[in-house]
Amino acid sequence: MPTEKIITACPRDCQDCCSLEVEVQDGKIIRVDGDKNHPITKGFACPRGRSYPELIYHSERILTPLLKDNDGWKEISWDDAMDLVEEKIRGYIQEYGPESIFHYHYSGSESLTKKVTMRLFDRLGTTGVSGDLCMQAGVAAQQYDFGGLEQSDLKDLTNAKGCVVWGRNIRVTHPHSLPFIREGKEKGMQMATVNPLSTGVEDMADLIIRPRPGTDAALALGIANYLIQKGLIDDDFIFEHVYGFTAFREVAEKYSLEKTSEITGVEKDKIVALAWYYKKNKPVTTLLGYGLTRYRGGGNIIRAIDALAAITGNIGEEGAGVSYCSDRFWFLAKHLQGETNPYRRYLDMAHLAPAIIEAENPPLKMGFINAANPVVNAPDSLEMQKALRGLDFLVVCDLFLTDTAREADLVLPCTSFFEEEGVRVSSWSPWVYFCPQIIEPLGEARSDEEIVLELAQRLGIKDFPWLDRDELLEWAAEPLSEMGITLKDLRGKGHLLPRDHNPVAWEGCNFRTPSRRVELFSHRAKEDGNYPVATYLPPLADNYEFPFQLISAHSQYRIHSQFQVTPYIKKLNPEPRVIINPSIAQEKGLEEEDLAIIFNDRGEITARVEVDNRIRPGVLQVESGWDIDSGGCVNCLLPPQKTEMGDCGALYDVRADIRKKE
């Protein structure tokens, strides 16, 4: 039987947003790899992407609705399942009011129409979940500084004479940037990495700095002070495009080289070396990572680095910029949501477990969760289990019985993106992708959109005029016409750039702040109760009695908790690991491949020891996303706490200890 190759795009919560080539034979996917003809993907897919066939056809995938009773799980029909969901929603609303139900949707799949579930529960007036576990502290920071978010194309890296990879592990979370960095290096680009962890690109770096976790704002302010004192700043750029320089200088001058070194643990000569990077290697691109924002002062860290780029004139031209993400396509989600209910009750995502348990007037009785696995990915996993078990009724939509789905009373099997038509846009890619339906839905799986549309019809929600998923997609894609793109165009060409796409962020320095300048002093920040100027906030972890900083970094082999179930990924990454510096290994009597217990006041997990002299002393690095049964679910050790801006979970601002498992 001949094979057919079809192009689609990965909808996972990932910076690379890969264009994928899918090989199909006899109606079945047999291979997934990178699209050879896409200018970014260039034929390469990560291990997760290549494992898709195993994921889609996995024997443990849920293919029919499951209802839990005293004897365990039993299969039921879709009619019975939807009757039950409708009955429960109507019943709880009638008896306790709509706020007795909460809905939680996150980033499990990011196709254009997935968040229509949020529209449904908004119209019902149920309790929502606000905040973030990833990046919103940095989003708030750059909105204060620039008035919005823009990032240059990856190709523009080749125009940089300097590249500072600050808090981003590009080999793990952004591998498609590597070819462009290599090309830049071949042209003479200088590269620095700033990260307490190993980035895997030390062999490419000309300068390596490993600051104490959570102190990056102090580092950036100290560098800025050095540059100001030495007269190495870009006075012309500051005069024309910066607001609040004097106020910023007054803050920065508090950070002498001695004080900055004391706070960050970085030698003074390396602080000076990084300062000169921003001066003599112009234009400089700074690639920011999201780990930076997972501390109490995460937003101020981003603001301090933004300021450093601004005072050196490294913004708004080819090869320059501070790359975090882009809000280019966010208007599409706003279109999908429509006019939202201003009177809803919201739970804070960073404190989700206690918020569910403590909710009153009314208490929470029912939950509906899709595109998310909060038991593993939200702080305090065991408390999250307790919170979900305290509900009268929980519905979860998923492909697998995740730790969250196991707590449900009813599990609805959803489709993968291969089994439905969609459009993919991303906060990290300028491309708009078409995702065709490649195979028929397996078993009785239905898309999230189909489930929601039927519920809307059953419940009489008037703000849902679409009869089916096709109509919804056509409507959701309509605003793309503002970019010169139609759904018909996408179906024919696969992926397109907006007609007004600019590959250089903030070119022309057309900032969206009230002053139309980079705002080092932000009145908006002050009005929101934040510091108006970037400020160093000591990490919350400084208040912990345990000796080592615990960083739950992303895995090269999973997107959060996804993909670990596949045989390919299990072979590559069979068990949880903890990476430590040789100094910790010696202090604790640990050797490579020992089994160790990582613990703090919230509990303990188990992981295999990996000793690496590239990680900063005093740090324990454990992969996020392992399920509870693995023994390595690091979120069991994470308290509910959040950043100073953006309502983001401060997931890295925690300490723990380690010992050998006897």
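It should be noted that the structure appears before, not after, this text.
None of the values given here were measured: they were computed from a predicted structure.

Definitions and cut-offs
- Residues numbered from 1 in each chain as written.
- Predicted model: local features only at pLDDT ≥ 70, side-chain atom pairs only at ≥ 80, totals over all residues.
- Heavy atoms only, no water.
- Helix = DSSP H or I, 4+ residues; strand = E, 2+ residues; numbered from the N terminus.
- Rg over C-alpha atoms; globule rule 2.2 N^0.38 Å.
- Buried < 20%, exposed > 50% of the residue type's maximum accessible area, 1.4 Å probe, protein only.
- Contact = heavy atoms within 4.5 Å.
- Areas by Shrake-Rupley, 256 points an atom, 1.4 Å probe, with all protein chains shown as cover.
- Lys, Arg positive; Asp, Glu negative; His and termini not counted.
- Charge placed at Lys NZ, Arg CZ, Asp CG, Glu CD.
- Salt bridge = Lys/Arg side-chain N within 4 Å of Asp/Glu carboxyl O.
- Pairing = 2+ DSSP bridges.
- Axes fitted to C-alpha atoms, helices over the stretch in contact; angles between N-to-C directions.
- Phe/Tyr/Trp six-rings, centres within 6.5 Å; stacked < 30°, edge-to-face > 60°.
- Lys NZ or Arg CZ within 6 Å of the ring centre and 35° of its normal.
- Parallel < 35°, antiparallel > 145°, perpendicular 65-115°, else oblique.
- Left-handed = near helix turned anticlockwise from the far one by under 90°.
- Nonpolar A, V, L, I, M, F, W, Y, C, P; charged D, E, K, R; others polar.

Colleague: Mind showing me how you'd approach the overall build of the protein here?
Modeller: Broken down by element type, the protein carries 23 helices and 27 strands. For the protein, whose C-alpha radius of gyration is 25 Å, the value lies close to the compact-globule estimate of 26 Å for 662 residues. In terms of its C-alpha atoms, the protein occupies a principal-axis envelope of roughly 75 × 60 × 55 Å. The buried share of the protein, taken over its 662 residues, is 63%. Here the contacts in the protein between residues at least 6 apart in sequence split such that 75% fall between residues at least 24 apart. Accessible surface, the protein: about 25,100 Å² in total, of which carbon and sulfur atoms supply 46%. Averaging the coordinates of the 74 positive side-chain charges in the protein and doing the same for the 100 negative ones gives two points 4 Å apart.

Colleague: Looking at this structure, how should I read the pattern of salt bridges?
Modeller: Side-chain pairs of opposite charge can arise where the charged atoms are in close proximity. Per the counting criterion, the structure on display carries 45 salt bridges. Between Glu86 and Arg458 there is a salt bridge, with its nearest N and O atoms 2.8 Å apart. In this pair, Glu86 sits in helix α3 (residues 78–96) while Arg458 sits in helix α18 (residues 448–459), placing the two residues 372 residues apart along the sequence. Arg608 is the salt-bridge partner of Glu575, the closest N and O atoms lying 3.1 Å from each other. Linking Glu575 in the loop between α22 (567–572) and β23 (577–580) with Arg608 in strand β25 (residues 603–611), this pair joins segments that are 33 residues apart in sequence. Three or more residues joined by partner-sharing salt bridges are found here, namely Asp83, Glu86, Arg90, Arg446, Glu454 and Arg458.

Colleague: Where do I start with the sheet that holds strand β12 (residues 284–288) in this structure?
Modeller: Sheet strands pair by backbone hydrogen bonding; their relative direction is either parallel or antiparallel. Strand order in this open sheet of 5 strands is β10-β9-β8-β12-β13, and the pairing throughout is parallel. Strands at the two margins of the open sheet, each flanked by one partner only, are β10 (207–209) and β13 (321–323). The sheet shows a mean angle of 15° between the axes of neighbouring strands, direction not considered. Note: strand β9 (residues 190–194) against β10, 3 bridges, orientation parallel.

Colleague: Can you walk me through the pairing of strand β19 (residues 432–435) in this structure?
Modeller: Regular strands place side chains that alternate from one sheet face to the opposite one. Here β19 shows no split at all, with Val432 and Phe434 on one side and Tyr433 and Cys435 on the other all buried. Sheet topology note: the strand β18 (residues 422–424)/β19 ladder contains 3 bridges and is antiparallel. Within the sheet, the bridge partner assigned to Val423 lies in β19 and is Phe434. Where β19 and strand β20 (residues 495–496) come together, 2 bridges link them in antiparallel fashion. Bridge pairing in β20 links Val432 to Leu496.

Colleague: Which parts of the structure should I look at to understand the side chain of Lys365?
Modeller: Mapped onto the elements, Lys365 comes out in the loop between α15 (352–358) and β15 (366–370). Although Lys365 lies buried, it forms no salt bridge, and the closest oppositely charged side chain, Asp392, sits 4.1 Å away as judged by the N-O distance. Once residues within four sequence positions are removed from consideration, Lys365 is found in contact with Tyr92, Tyr96, Ser100, Leu391, Asp392 and Phe393.

Colleague: Explain the packing of aromatic side chains to me, please; I cannot follow it from the model alone.
Modeller: Aromatic rings in a pair are described by how distant their centres are and how their planes are angled relative to each other. Using the criterion set out here, one finds 16 aromatic pairs in the structure. Where Tyr52 meets Phe563, the ring centres are 5.2 Å apart and the plane angle is 70°; that geometry is what we call edge-to-face. With Tyr52 in helix α2 (residues 52–56) and Phe563 in the loop between β22 (548–551) and α22, this residue pair connects regions lying 511 residues apart in the sequence. In terms of burial, Tyr52 and Phe563 fall into one category: buried. The ring of Phe464 is capped by Arg119, whose NZ or CZ atom sits 5.8 Å from the centre of that ring. Lying over the aromatic face of Phe599, Arg659 brings its terminal NZ or CZ to 4.7 Å of the ring centre.

Colleague: Mind showing me how you'd approach the packing of helix α8 (residues 216–229) against helix α12 (residues 268–280) here?
Modeller: Each pair of packed helices gets described by two things: the angle between the helix axes and the distance between those axes. It is at 9 Å that the axes of α8 and α12 come closest, and there the two elements cross at 70°. In terms of orientation, α8 lies roughly perpendicular with respect to α12. As α8 packs across α12, the resulting crossing turns out to be right-handed. Between α8, through Leu219, Ile223, Tyr226 and Leu227, and α12, the contact on the second element is made entirely by Ile271, Val272, Leu274, Ala275, Trp276 and Lys279. In terms of residue class, the contact of α8 with α12 is built from 9 nonpolar, no polar and 1 charged.

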